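Architecture at a glance
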Amino acid sequence: MEKAVKEIRLVNMRALDEEGMIVEGYAAVFDTVTDLKWIKEVIDRHAFDNADMSDIVMKYNHEDSILPMARTKGGSLQFTIDDHGLKIRAKLPDTSVNRDIYTLIKEGVLSKMSFAFTVRSEEYDYETDTRKILEFDKIFDVSVVDVPAYETTEIYARSKEQYEEEKRQYEKNKKVHNLELEKEKIKLWLDLQA
C-alpha cells in the first residue's frame, strides 16, 4: 500500500483563546480537486468510512523529532467527518512548542495542514490525469505545515513514476482496443458486402 502525505489548505482554521489553546480546521475536503502538478486528486466523501483512525498524532511538519502537539488516544485531538470533509479540533497542551505554533496559527502565519495515510481503494481517470481516493486504509498523522513538502518527498517521486507507467499501459491498451474495434468494423462491412 502506498503511504502518501497530502497537502490541504485549512478551511476556517481558528484559534479559540477562551478555552485554552484550541485549534480547528479541515485536514481533508471532499470532492475538491487538488492539483499535485503531475496528477489531480479527489477524495471521495466516503473515503474515511472504514479507515483506521484509532491512534492519530498531530504534528508540526510531520516531524518525529518534535514532541506531538495532540493525540486521539489522549483525547486532545478529535475528528468529525461532516459533509465538507475531515474536521479536526485539538486542545494543545501547554508546552513551549505548542504556544509558538498556536501563536503562528492565530496570526495566520501557519494556515495549512497535511496528513499521512495509506490507501485501500482508488481509481484513476487516465484521460484527465485524476486519481480518486475511494477508501483510506489508515490515517497516521495530521500536521500543521509551514512549507508544503509533498512535491519534494521520495514517496511522491515513486508514486509519480508508478502512475506514469500505469498511464502508458492504459494508453497502449486503449490503442490495441481501438485497433480491434476497427478490425471488427471492417469485417462487419465486408460481411455486409458479401
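Residues numbered from 1 in each chain as written. Predicted model: local features only at pLDDT ≥ 70, side-chain atom pairs only at ≥ 80, totals over all residues. Heavy atoms only, no water.

So, about the overall build of the protein chain. Within the protein chain, the secondary structure is distributed over 2 helices and 11 strands. For the protein chain, with 194 residues in total, the buried portion stands at 39%. In the protein chain, 67% of the contacts between residues at least 6 apart in sequence involve partners at least 24 apart. Accessible area of the protein chain: about 11300 Å², with a carbon and sulfur share of 51%. (Helix = DSSP H or I, 4+ residues; strand = E, 2+ residues; numbered from the N terminus. Buried < 20%, exposed > 50% of the residue type's maximum accessible area, 1.4 Å probe, protein only. Contact = heavy atoms within 4.5 Å. Areas by Shrake-Rupley, 256 points an atom, 1.4 Å probe, with all protein chains shown as cover.)

Our focus in this paragraph is helix α1 (residues 96–106). Taken as a whole, α1 has its buried residues at N98, I101, Y102 and I105. What you see down the axis of α1 is that its buried residues fit within an arc of 105°, all on one side. Directly after α1, the chain includes G108, whose backbone phi takes a positive value near 85°. (Arc of directions from axis to C-beta.)

With that settled, the discussion passes to the pattern of salt bridges. Pairing between side chains of opposite charge can happen when the charged atoms of each approach one another. Tallying each qualifying case throughout the model produces 15 salt bridges. Residue K174 pairs with E127 through a salt bridge whose shortest N-O separation is 2.7 Å. With a gap of 47 residues between them, K174 in helix α2 (residues 154–193) and E127 in the loop between β10 (112–125) and β11 (130–145) connect regions that are remote in the sequence. When its relative accessible area of 35% is taken as the criterion, K174 is described as partly exposed. What emerges from the salt-bridge pattern is a single network uniting E41, E122 and R131. (Salt bridge = Lys/Arg side-chain N within 4 Å of Asp/Glu carboxyl O.)

As paired elements, strand β4 (residues 34–35) and strand β5 (residues 40–43) share 2 bridges and run antiparallel to each other. For T34, the partnering residue across the bridge sits in β5 and is E41. The turn joining β4 and β5, which pair antiparallel and follow one another in sequence, is formed by 4 residues; a positive phi near 85° is taken by K37. Note that β5 and β11 share 4 bridges and pair parallel. (Pairing = 2+ DSSP bridges.)

A cluster of nonpolar residues, I186, W189 and L190, forms a patch on the protein surface that exposes about 340 Å² of accessible area. By the element assignment, W189 lies in helix α2. (Patch = residues over 30% accessible without salt bridge, like charges linked within 9 Å, V, L, I, M, F, W, Y side chains within 5 Å.)

Moving on, we get to the environment of K167. Examined against the element boundaries, K167 turns out to sit in helix α2. Measuring from C-alpha to C-alpha, the distance between K167 and D129 comes to 8.6 Å, with 38 residues separating the pair along the chain.

Looking now at the environment of K87. Structurally, K87 is set in strand β9 (residues 85–91). A relative accessible area of 28% places K87 in the partly exposed class. For the pair K87 and V29, spaced 58 residues apart in sequence, the C-alpha to C-alpha distance is 8.6 Å. The contacts of K87, once residues within four sequence positions are left out, are E24, G25, Y26, Q78, F79, T80 and D82.

Time to look at the side chain of R131. Within the element layout of this structure, R131 appears in strand β11. Assessed through its relative accessible area of 3%, R131 is described here as buried.

Here the focus is unusual backbone geometry. Here the phi dihedral of D31 falls at roughly 50°; this positive angle occurs in a residue that is not glycine. Mapped onto the elements, D31 comes out in the loop between β3 (22–29) and β4. With a relative accessible area of 39%, D31 lands in the partly exposed category.

In this model, the protein chain carries an average pLDDT of 81, and 82% of its residues clear a pLDDT of 70 or more. Per-element mean pLDDT across the protein chain ranges from 49 in strand β1 (residues 3–9) up to 95 in strand β7 (residues 70–71). (pLDDT = per-residue confidence, 0-100.)

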